[in-house]
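# Observations on chain architecture
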Amino acid sequence: MNAVLDAWQAALAAEHAAIAGYDVLGPRLADASQVTLARDSQQAHRELRDATSARLIAAGQSPVPAAADYPLPFPVTDPAAAQRFAIKLESACAAAWRYLISVADASSRSVRTDAQQALTDSALRAMRWRRLVTPTRATVAFPGIQQ
Amino acid sequence: MITRRALLGTGLVVAAGGIGAAVAGLQPRRRPPAPPAAPRQLSDALAREQSLVANVDAALAARPELRQVRDDHAAHAAALRQAITRYPAPAPPLVSAAPPPAAGTTAQLRAGELAAARAAAAESAALTGADAALLASISASEATHAELLT
């Protein structure tokens, strides 16, 4: 059960990181539709963060808090870098939720259902960003493994 | 006369464990348990992926932008084939996989992707570990295909 709780908390930590990341990349976007995509994506992560925190509390756990700082993997100084960063954030979330599915046992049905939805939602957002960066390769075969 | 097969069928061998232990030296050697077969969910998903590859292939000439979708399905099939070979016994005969609708139009392709995403999620929920994670990821990939085909 500890592996499941650890993975659940890691998924929440990834959601915190995504929320912070969109704060960084949003102002670097120029196109209005991309700004809207960033806002909608960040809001979806906020809602998932809140729902996940509530479920962890209901399970008797203390949800991990957001970190004080999130170092950037590369400079996010222009729209192209912002789009690549968004793909990275969504891929990290997808990987965290996929990992939770891999360690959850058969009795953790509702956790797994939520994780599947979160994995799919991050895969969809990553695809929307990837369409802007590499339009002919907008999808990946294995969300949660590939970026 | 009660045969050993009949005893195994009724579970009496377990119930009579104490007696069995006392006469263990007289019991014939038990066969080792059969190796686990690959879960049917994996073979069902493999059959579905092969159908999806064929459907996208049929549409590819008119819509070359579907190449990535086709490659994703081929990768899904390869990964499922590899997952099945990790089990010592083959998967049971295919009986439950529902083939996706014959695809021609974009709407039909989209419907096939949505149905495949739902089926893979259900198959993932029925399994655990690496197999569950593989099918969960395949389900998410197919959801992205469906949105791409909107």
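Residues numbered from 1 in each chain as written. Chains lettered and ligands numbered in written order. Predicted model: local features only at pLDDT ≥ 70, side-chain atom pairs only at ≥ 80, totals over all residues.

Turning our eyes to something else, we now look at the overall build of chain B. In terms of regular secondary structure, chain B is built from 7 helices and 0 strands. Of the regular secondary structure in chain B, the N- to C-terminal order runs α-α-α-α-α-α-α. Burial status across chain B gives 35% buried among its 150 residues. Excluding contacts between residues fewer than 6 apart, the proportion of contacts in chain B whose partners are at least 24 apart in sequence is 71%. (Helix = DSSP H or I, 4+ residues; strand = E, 2+ residues; numbered from the N terminus. Buried ≥ 20, exposed ≤ 12 C-beta atoms within 10 Å, placed from the backbone. Contact = placed C-beta atoms within 7 Å.)

For the rest of this paragraph, the subject is the overall build of chain A. Helix and strand counts for chain A come out as 4 helices and 0 strands. Radius of gyration (C-alpha) of chain A: 15 Å, near the 15 Å computed for a compact globule of 147 residues. Its C-alpha atoms give chain A principal-axis dimensions of about 45 × 35 × 25 Å. The buried share among the 147 residues of chain A stands at 48%. (Rg over C-alpha atoms; globule rule 2.2 N^0.38 Å.)

This part takes up the packing of helix α2 (residues 32-58) of chain A against helix α4 (residues 109-133) of chain A. All names here are of chain A. Two elements in contact, α2 and α4, have axes whose closest approach is 12 Å; the angle formed by their N-to-C orientations is 165°. Put simply, α2 runs roughly antiparallel to α4. The way α2 lies across α4 gives a crossing that is left-handed. For the pair α2 and α4, the contacting residues are Gln34, Leu37, Ser41, Ala44 and Leu48 in the first and Ala118, Asp121, Arg125, Arg128 and Leu132 in the second. Along the lines of polarity and charge, the residues of the contact of α2 with α4 split into 5 nonpolar, 2 polar and 3 charged. (Axes fitted to C-alpha atoms, helices over the stretch in contact; angles between N-to-C directions. Parallel < 35°, antiparallel > 145°, perpendicular 65-115°, else oblique. Left-handed = near helix turned anticlockwise from the far one by under 90°. Nonpolar A, V, L, I, M, F, W, Y, C, P; charged D, E, K, R; others polar.)

Take the interface of chain B and chain A next. In this assembly, 24 residues from chain B lie in contact with 24 residues from chain A. Listed by contribution, the elements that provide at least two residues to the side of chain B that touches chain A are α5 (67-85), α6 (106-125) and α7 (129-148) of chain B. The element best represented in the side of chain B that touches chain A is α7 of chain B, accounting for 14 residues. A per-class count over the side of chain B that touches chain A returns 11 nonpolar, 10 polar and 3 charged.

To continue, consider the confidence of the model for chain B. Confidence in the prediction for chain B averages 81 pLDDT; 73% of positions are at 70 or higher. Averaged pLDDT values over the elements of chain B bottom out at 42 in helix α2 (residues 12-15) of chain B and peak at 98 in α7 of chain B. (pLDDT = per-residue confidence, 0-100.)

Further remarks concern the packing of helix α1 (residues 2-25) of chain A against helix α3 (residues 79-103) of chain A. Residue and element names in this part refer to chain A. Contact pair α1 / α3: the axes reach a minimum separation of 8 Å and the direction vectors enclose 170°. With respect to α3, the axis of α1 lies roughly antiparallel. Where α1 approaches α3, its residues Ala3, Val4, Ala7, Trp8, Ala10, Ala11, Ala14, Glu15, Ala17, Ala18, Gly21 and Leu25 are matched on the opposing element by Ala82, Phe85, Ala86, Leu89, Ala92, Cys93, Ala96, Trp97, Tyr99, Leu100 and Val103. Considered class by class, the residues forming the contact of α1 with α3 number 21 nonpolar, 1 polar and 1 charged.

This part is about the nonpolar core. Counting 68 residues, the largest nonpolar core has Ala96, Trp97 and Leu100 of chain A as the members making the most contacts within it. At the level of elements, α1, α2, α3 and α4 of chain A together with α4 (40-60), α5, α6 and α7 of chain B are the ones that each hand at least two residues to this core. At 14 residues, the largest contribution of residues to this core is made by α3 of chain A. Contact partners of Leu100 of chain A, with chain neighbours within four places excluded, come to Ala7, Trp8, Ala11, Val111 and Ala115 of chain A. (Core = buried A, V, L, I, M, F, W, Y, C linked by C-beta atoms within 7 Å.)

Here we come to the environment of Ala120 of chain B. Residue and element names in this part refer to chain B. As for its position among the elements, Ala120 is in helix α6. A residue is classified by how many C-beta atoms lie within 10 Å of it, and Ala120, with 28 of them, is buried. C-alpha separation for the pair Ala120 and Leu135, spaced 15 residues apart in sequence, amounts to 5.4 Å. What Ala120 contacts, discounting residues up to four positions off in sequence, is Ala45, Leu135, Ile138, Ser139 and Glu142.

Our focus in this paragraph is α4 of chain A. Between the first and last C-alpha of α4 of chain A there are 36 Å, a value that for 25 residues agrees with the 36 Å anticipated at 1.5 Å per step. α4 of chain A sits mainly inside the fold: 19 of its 25 residues count as buried. (Expected span 1.5 Å × (residues − 1).)

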